[in-house]
Amino acid sequence: MNAVHRSGSWDRRRRDALAGFAFTAPAMLHTLVFMLVPAGAALYFSFTEWDMISPARWAGLRNYQEILFDSDLYSDFWKSVRVTALYALLSVPASLVTGFVQAYLIDLLRRGQAFYRLVFYLPVITAEAAVAAIWKWLYDPQFGLINAGLEVVGVRGPDWLGTPGVVIPALALIAAWQSGTAMLIFLAGLKGIPRTYYEAAEVDGANRWRQLGHITLPLLRPTTFYLVVTGVIAALQVFGIVYVLFGGNAGPERSGLSYVLHLYLFGYRNGAMGAASAMSVLLFVTVLLVTAAQFRLVPRQYEG
Amino acid sequence: MRALAKWVAATAAAVSLAASAACGGDPPTDEKVVEFWYYQPTPEQSKQVKELLKRFEETEPTITIRLTEIPKDDYNTKLSSALGGGRGPDAGYLDQPLMARYANAGQLAEVPAGTITESDFYDGALRTNKISGKLFGIPLQQTTVALFYNRKLISTPPVTWDELVAESARVRRENPDLAGVNVPKGEGFGAWVFPAFVASAGGTMLDEGNRRIAFADPPAQEALAMWRKLLESSPRQITNSENPFHKGLAAMMFSGPWEVLAIRQQFPQLDFGVAPLPRKDVAASNIGGDNGVVFSKARNPDAAWKWLRFLSDATHNAEFSNITGNFPTNRKSARAAKINTDPAFKVFVDQLETAQARPAVPEWIQINDEYLAKAIEEGVDGGRSPADALADAAVRARKLLGWQ
């Protein structure tokens, strides 16, 4: 009896395991075929000279060496690193702040939360090409709505996408406008804070600001940490918006030359897929290091 | 290591092509099928191309051409991925500056002797098909740039560089809100237009025979200095608005025939004229366009060459380039074409006679879009002298080409 029971449970466990594998198989297959294999291939090709149409030739570490140290052949590499770092530095805080403000205000509402959630999330689900077209018009130096608005208050606006120093702030503004994802996650975080804390604080006489600084923000730390980590990873890989706005020209004085745009141009325009693969490996390592550093340095939990 | 390399390459190719692997099966044996890739035209143009194809297939009943339309912006990316994975088309368009890269990689079939008569074609367009003296394609359509001017602001278009600079300054003086010229920027397009001005001052870009960079020589410096001068009367704050010429913000621009149709359709109120590019010493222009090539792994190369010959012959070339909004490459066809009766287009046709082919080195796109573009930006908008900016670009090009 006992033996039969045991073997039956073992059978069921095996069946469960099989079912589990069957259910996760599509996702695992996807990861294997579309992520791990290409990543492995990129690692291999990063050690070759390859233009995609002739056989790859082994080049050892030459790609890495030239990308990092030959400023004649890769004169814009470090520029693209600076552009991307600045973009991450500006866009991540900008979208976090706007995302939080949106979430905080929505959370205060008694009714109509769903409506505002939808409205603030719309920019995220809008096609990137459409987003770029809209902002191109908003930023137009002659007829743009933004400069027209600034003129009303007596400020002469810059040529947003035509002045090298203004391009990245202008891109960060777009990122802030597209902060719907941060808004949703912050909103979920806010809902997770028990109301009793606020009631207790009110009894103690704490006003809204003190509640925000001493209850809301500290308790949102895990949420904020998650958003910082994923936001930085996404910002370091920014490509779509700059590609649609500037194309291969990358903006005035290549001020919009993001790392991935630079990589893309080498791979697909210059026929240097080996070097582009090396750049993607360098980016991968950088993202890994930056993320590891954040896990060490950024406070993840509230330890009040 | 080599086995691993092969495995990795094969797997990568399989992955990159998983999307396009849904192509049809193999055809019956007596029928010759040619898979032909070209830029996705508008639906109306697409219909016209299919009608043209129907006429070809009536004369060649055993040949079937399978047209595949690819958006122009994705074309080069898709083509190199497909060929890299061994599943490319049999024949198709190839952008002029890519000819050398594909020919050197062994991806292109040489044009069989007797397929075309070379003297039928415009020299500039034909030469874009020659790599190390061998012919690797047939020019199908071409384009160039000319001077567009706003008739409300300019009564007689400038003929010389001096007149151009003076006209630009006058427009700006009389209309403080307007720019004289939409001066090309330091980007791919500007670098593509630039050689026309260099040639007009008597220079060239590369001396391939002697492995020497020529685009830092005095003619190129003069051309860049002239653009810089134009910028004084053409503020970017004005011309950075979208389509500044079309909207009447800039009195002149250098651009191609595609703008003629675009302006007539979208900015019908603009009264504009087209004139040859102003010159310094000699009349000169640049060239762009597409060649028809047959890939070395094509299943039915004979059939493919017949199709390309059809598209480029005296009877059909003008019709084909009319459909796609370009110019014929076949002289006989050009003379018979409708475009000669339209004065705006006539300027471009005449200018194609003086068109300068781009240097036939595989690295030219990179030199154009990166090195020259940067030199133009620094020498026109930036604080550097044209000579210094071009000299830097030359150093980098020399290194890239290995012409030490």
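Note that this is a predicted model, so its numbers are computed, not measured. (Residues numbered from 1 in each chain as written. Chains lettered and ligands numbered in written order. Predicted model: local features only at pLDDT ≥ 70, side-chain atom pairs only at ≥ 80, totals over all residues.)

J.: Can you walk me through the overall build of chain B in this structure?
T.: Helix and strand counts for chain B stand at 16 helices and 15 strands. In terms of C-alpha radius of gyration, chain B reaches 22 Å, essentially the compact-globule figure of 22 Å for 404 residues. When the backbone C-alpha atoms are referred to their principal axes, chain B occupies close to 70 × 55 × 40 Å. Within chain B, buried positions represent 50% of all 404 residues. Counting only contacts in chain B whose residues sit at least 6 apart along the sequence, the fraction spanning at least 24 positions is 76%. (Helix = DSSP H or I, 4+ residues; strand = E, 2+ residues; numbered from the N terminus. Rg over C-alpha atoms; globule rule 2.2 N^0.38 Å. Buried ≥ 20, exposed ≤ 12 C-beta atoms within 10 Å, placed from the backbone. Contact = placed C-beta atoms within 7 Å.)

J.: Quick question: what am I supposed to make of the overall build of chain A here?
T.: Check the secondary structure of chain A and you find 14 helices and 2 strands. Counting over 304 residues, chain A shows a buried share of 33%. In chain A, once contacts between residues fewer than 6 apart in sequence are set aside, the share between residues at least 24 apart is 68%.

J.: How should I be thinking about the confidence of the model for chain B in this particular structure?
T.: In low-pLDDT segments, the atomic positions of the prediction should not be examined closely. Residue and element names in this part refer to chain B. Here chain B averages 89 in pLDDT, and 92% of its residues register 70 or above. Note that pLDDT drops below 50 for residues 13-25; the model gives that stretch 15 contacts with residues more than four away or on any other chain. Model confidence for the complex is summarised by a pTM of 0.86, with the ipTM given as 0.81. (pLDDT = per-residue confidence, 0-100.)

J.: Sorry if this is basic, but what is going on with the interface of chain A and chain B here?
T.: The parts lose accessible area when they come together, and the size of an interface is often stated as this lost area. With 29 residues of chain A at the interface, the matching set in chain B holds 34 residues. The set of elements that each furnish at least two residues to the side of chain A that touches chain B consists of α1 (2-45) and α13 (259-269) of chain A. Here the side of chain A that touches chain B takes 7 residues from α1(A), the largest share from any one element. Of the residues belonging to the side of chain A that touches chain B, the class tally is 13 nonpolar, 9 polar and 7 charged. (Nonpolar A, V, L, I, M, F, W, Y, C, P; charged D, E, K, R; others polar.)

J.: Which parts of the structure should I look at to understand the pairing of strand β7 (residues 146-150) of chain B?
T.: Residues and elements named next belong to chain B. For β7, the buried fraction is high: 5 of the 5 residues fall into the buried class. Strand direction decides the pairing type here: β7 and strand β12 (residues 272-275), joined by 4 bridges, are antiparallel. What sits directly across from Phe148, in β12, is Val274. (Pairing = 2+ DSSP bridges.)

J.: When you look at the domain arrangement of chain A in this model, what are you seeing that I'm missing?
T.: Each assigned domain of chain A is listed here: domain 1 (2-45) and domain 2 (66-297). Centre-to-centre separation of domain 1 of chain A and domain 2 of chain A, based on C-alpha positions: 36 Å. (Domains from an automatic or database assignment.)

J.: When you look at helix α11 (residues 221-236) of chain A in this model, what are you seeing that I'm missing?
T.: Along an α-helix, a turn takes 3.6 residues, which lines up residues three or four apart on a common side. All names here are of chain A. Across its 16 residues, α11 extends 22 Å between first and last C-alpha, which sits within 8% of the 22 Å expected from 1.5 Å per residue. If you check which residues of α11 are buried, you get Thr224, Leu227, Gly231, Ala235 and Leu236. Around the axis of α11, the buried residues are gathered within 145° of arc, so they sit on the same side. Next to the buried residues of α11 lie α3 (77-108), α8 (180-191), α13 and α14 (273-297). (Expected span 1.5 Å × (residues − 1). Arc of directions from axis to C-beta.)

J.: Explain the nonpolar core to me, please; I cannot follow it from the model alone.
T.: The nonpolar side chains of a soluble globular protein tend to be buried, and buried together. One finds B:Ala91, B:Trp307 and B:Leu372 to be the most contacted residues of the largest nonpolar core, which totals 165 residues. When neighbours within four sequence positions are excluded, B:Leu372 is seen to be in contact with B:Ala191, B:Phe194, B:Phe215, B:Ile367 and B:Ala393. Within the second largest apolar cluster, 10 residues are counted, among which are A:Phe100, A:Phe120, A:Met183 and A:Phe186. (Core = buried A, V, L, I, M, F, W, Y, C linked by C-beta atoms within 7 Å.)

J.: What should I look at first to understand the sheet that holds strand β11 (residues 250-255) of chain B in this one?
T.: Where strands meet in a sheet, backbone hydrogen bonds hold them as pairs that are either parallel or antiparallel. Residues and elements named next belong to chain B. Spatially, 4 strands are ordered β8-β11-β7-β12 in an open sheet, and the strand pairing comes out mixed. Two strands in the sheet have a free side with no partner beyond their single neighbour: β8 (179-182) and β12. In this sheet, adjacent strand axes meet at a mean angle of 20° when their direction is disregarded. Helix-sheet contacts for helix α6 (residues 161-174) involve β8 and β11, and the interaxial angle to β8 is about 135°. (Axes fitted to C-alpha atoms, helices over the stretch in contact; angles between N-to-C directions.)

J.: Explanation requested: the domain arrangement of chain B in the structure shown.
T.: Residues and elements named next belong to chain B. Domain boundaries assigned for chain B yield domain 1 (27-142 + 288-348) and domain 2 (146-286 + 363-401). A straight line from the C-alpha centre of domain 1 to that of domain 2 covers 30 Å. Between domain 1 and domain 2, the residue contacts involve 8 residues of the former and 11 residues of the latter. Residue composition of the side of domain 1 that touches domain 2, by class: 6 nonpolar, 2 polar and no charged.

J.: What exactly am I supposed to notice about the sheet that holds strand β1 (residues 32-39) of chain B here?
T.: Residues and elements named next belong to chain B. On the basis of which strands lie adjacent, the open sheet formed by 5 strands has the order β2-β1-β3-β14-β6 and mixed pairing. What marks the edges here is a single partner per strand, and that holds for β2 (63-70) and β6 (138-143). Within the sheet, the average angular offset between the axes of one strand and its neighbour, ignoring direction, is 25°. Both β1 and strand β3 (residues 91-95) contribute to a ladder of 2 bridges, which runs parallel. Directly across from Trp37, in β3, lies its bridge partner Gly92.

J.: Is there a simple way to think about the packing of α6(B) against helix α8 (residues 218-232) of chain B in this case?
T.: Relative orientation and spacing of two packed helices are given, respectively, by the angle between their axes and the distance between those axes. Residues and elements named next belong to chain B. Contact pair α6 / α8: the axes reach a minimum separation of 8 Å and the direction vectors enclose 15°. If you check the angle between α6 and α8, you find them roughly parallel. Crossing hand, α6 versus α8: right-handed. On the side of α6, the interface is formed by Trp161, Val165 and Ser168, while α8 contributes Met226, Lys229 and Leu230. Among the residues forming the contact of α6 with α8, the class breakdown is 4 nonpolar, 1 polar and 1 charged. (Parallel < 35°, antiparallel > 145°, perpendicular 65-115°, else oblique. Left-handed = near helix turned anticlockwise from the far one by under 90°.)

J.: Where do I start with the packing of helix α7 (residues 188-200) of chain B against helix α15 (residues 364-381) of chain B in this structure?
T.: All names here are of chain B. Two elements in contact, α7 and α15, have axes whose closest approach is 8 Å; the angle formed by their N-to-C orientations is 80°. The angle between the axes of α7 and α15 places the two elements in the roughly perpendicular class. Counting all contacts with α7, which are made through Gly188, Gly190, Ala191, Trp192 and Phe194, the residues of α15 involved are Asn368, Asp369, Leu372, Ala373 and Ile376.

J.: So what exactly am I meant to see when it comes to unusual backbone geometry here?
T.: Trans peptide bonds make up the majority, and among non-glycine residues the majority have a negative phi. Unlike most non-glycine residues, A:Met52 shows phi in positive territory, near 75°. By the element assignment, A:Met52 lies in the loop between β1 (48-49) and β2 (57-58). At B:Arg211, a position not held by glycine, the phi torsion is positive, near 50°. Residue position: B:Arg211 is located in the loop between β9 (206-207) and β10 (212-213). Looking at B:Arg211, the number of C-beta atoms within 10 Å reads 13, which means it is partly exposed.

J.: Would you take a moment to explain the confidence of the model for chain A for this structure?
T.: The share of residues in chain A with pLDDT of 70 or more is 97%, and the mean pLDDT across the chain is 92. Mean pLDDT across the secondary structure elements of chain A bottoms out at α1(A), with 86, and peaks at helix α2 (residues 62-69) of chain A, with 97.

J.: Before we go on, may I ask you to explain the environment of B:Lys130 in this structure?
T.: Residues and elements named next belong to chain B. Within the fold, Lys130 resides in strand β4 (residues 130-131). Through-space distance from the C-alpha of Lys130 to that of Leu401 is 19 Å; in sequence the pair is 271 residues apart. Discounting residues that sit within four places of it in the chain, Lys130 has contacts with Leu135 and Ala360.

J.: Sorry if this is basic, but what is going on with the environment of B:Trp161 here?
T.: Residue and element names in this part refer to chain B. Position of Trp161 among the secondary structure elements: in helix α6. With 22 C-beta atoms packed within 10 Å, Trp161 lands in the buried category. The spatial distance from the C-alpha of Trp161 to the C-alpha of Ala105 is 41 Å, given a sequence separation of 56 residues. If we skip the residues at most four places from it in the chain, Trp161 touches Met226, Pro278 and Lys280.

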